[in-house]
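Secondary and tertiary structure notes
Residues per chain, in single letters:
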Amino acid sequence: YYTLSLPDYPQPYRLIITPRTAYQPDGAGKTGLALQLYSLKSQKNWGIGDFVDLADLMPICAKYQIDFIGINPLHALFTSQPSFASPYSPSSRIWLNPIYLNIPLIAQLLNLKLSVSWDNDALEELRSSNLINYTQVWKLKQHALSDLFDEFEQHNQSEFESYLKKHGDQLIGFALFEALDNH
C-alpha cells in the first residue's frame, strides 16, 4: 500500500500494488474440499458427522480426483456444555472431541457388546434434523461410551493399564479437568 502525493493535486492517492498471481505453494494445482466434520450426514451416524463418515467420504473424493480434505479442528470441547460447540475454543488441544467417535464401530473393533438399547426414533430424529443437537448427541454418546468403558475395563485390564502407562499423566490431568468442569 502506498500513498502518492503530487504537488499539483491537493488530495493524495492510495495505490495498492499486487503481484500477478497469488502465492502458489509446492503442489499447486491440487484440488481440495473444505468441510466441517460435524456437518456430514449419513444414515449411520448419530446426528453429527463422525470419523466413519469422514472415512466414507475419502473414496468418493478420490473418484472425483480431489487431492485433500480440509476439516475443522477436532480438539476436545467442554463436555459439561455440549451446546458450546465451537471447534475454535477447545478444552484441550491434546485430546480429540469424543462426539466424533462412531460408537458401533468401537464396540465392533473391541469385541464389546452395547448393552444399551437405543431409541431408534431419537436417532432418526437427530439424523434428519437440519440442525445439530449437540446436547442430545453427546448425551447418547456419553452414555454409550460409559457403558463400553465398563465392559472394556472388565475384559481388557492389561491393555488399559498399558495405555495408562503411556498416556497416564496427560489422561489423568484431562480427566480431572473434565470431572471438575462437569461437577
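Below is a short write-up of the structure. (Residues numbered from 1 in each chain as written. Predicted model: local features only at pLDDT ≥ 70, side-chain atom pairs only at ≥ 80, totals over all residues. Heavy atoms only, no water.)

1. Some words on the pairing of strand β3 (residues 32-35)
Defined as follows: Strands pair, by our definition, only if DSSP identifies at least two bridges between them. Going along the chain from the N terminus, every DSSP run of H or I of four or more residues is numbered as a helix, and every run of E of two or more is numbered as a strand. Here the term right-handed applies to a crossover when the path leading from its first strand over the helix to its second strand runs clockwise, the strands being oriented away from the viewer.
Two strands pair when backbone bridges link them, and β3 and strand β4 (residues 68-71) are joined in this way by four bridges, in the parallel orientation. Note that in β4 the partner of L33 across the bridge is I69. Each parallel crossover has a hand, and the one from β3 via helix α1 (residues 51-63) to β4 is right-handed.

2. Re the nonpolar core
Basically, it comes down to this: Among the buried residues, those of types Ala, Val, Leu, Ile, Met, Phe, Trp, Tyr and Cys that are joined through side-chain atoms within 4.5 Å form a nonpolar core. Burial here depends on accessible area, computed with a 1.4 Å probe over protein chains only, as a share of the maximum for the residue type. Under 20% is buried, over 50% is exposed, and the range in between is partly exposed. By definition, residues are in contact when any of their heavy atoms lie within 4.5 Å.
Ranked by size, the top nonpolar core spans 26 residues in total, and within it L37, W46, I48, I99, Y100 and Y134 carry the most contacts. Where this core is concerned, the elements lending two or more residues are α1, α2 (103-109), α3 (120-128) and α4 (134-155). Ranked by the residues each element gives to this core, the list is headed by α4, at seven residues. If we ignore the near neighbours within four places in the chain, the residues touching I99 are I48, Y134, V137, W138 and K141.

3. A closer look at helix α5 (residues 157-182)
To be explicit about the condition: A helix is expected to span 1.5 Å multiplied by its residue count minus one. Bend is computed residue by residue as the angle between axes fitted to the seven residues ending at the residue and the seven residues starting at it.
Relative to the 38 Å expected for 26 residues at 1.5 Å per residue, α5 spans just 26 Å between its end C-alpha atoms, considerably shorter than the ideal helical length. Helix geometry: α5 is bent most strongly at H167, by close to 85 degrees. Restricting attention to buried positions, one finds in α5 the residues F160, G168, F174 and E178. Summarising the contacts, the buried residues of α5 are in contact with β5 (75-76), β6 (92-96) and α4.

4. Quick word on the packing of aromatic side chains
Operational definition: Centres within 6.5 Å are what make two rings of Phe, Tyr or Trp a pair, Trp counting through its six-membered ring; a difference in plane orientation under 30 degrees is then read as stacked, over 60 as edge-to-face, and the rest as tilted.
As enumerated under the stated definition, the model contains eight aromatic pairs in all. A centroid spacing of 6.4 Å and a plane angle of 90 degrees characterise the contact between F152 and F160, whose relative ring orientation is edge-to-face.

5. Thoughts on unusual backbone geometry
The residue Q65 is not glycine, and still its phi comes out positive at about 55 degrees. Residue position: Q65 is located in the loop between α1 and β4. Here N111, not a glycine, exhibits a phi torsion of approximately 55 degrees, which is positive. The residue N111 is located in the loop between α2 and α3 in this model. Its relative accessible area of 70% is what places N111 among the exposed residues.

6. Quick notes on the pattern of salt bridges
The following threshold applies: Only one rule defines a salt bridge in this text: a Lys or Arg side-chain nitrogen within 4 Å of an Asp or Glu carboxyl oxygen.
This structure, assessed with the given rule, holds two salt bridges. A salt bridge links K44 to D56; the shortest N-O distance between them is 2.7 Å. One end of the pair, K44, is in the loop between β3 and α1; the other, D56, is in helix α1, and 12 residues separate them in sequence. Classification of K44 by relative accessible area gives partly exposed; the value is 47%. Take D56: its relative accessible area is 35%, and that puts it in the partly exposed class. In this structure, the salt-bridge partner of E124 is R127, at a minimum N-O distance of 3.9 Å. One end of the pair is E124 and the other is R127, both in helix α3 and three residues apart, which spans about a single turn. You can call E124 partly exposed: its relative accessible area is 35%.

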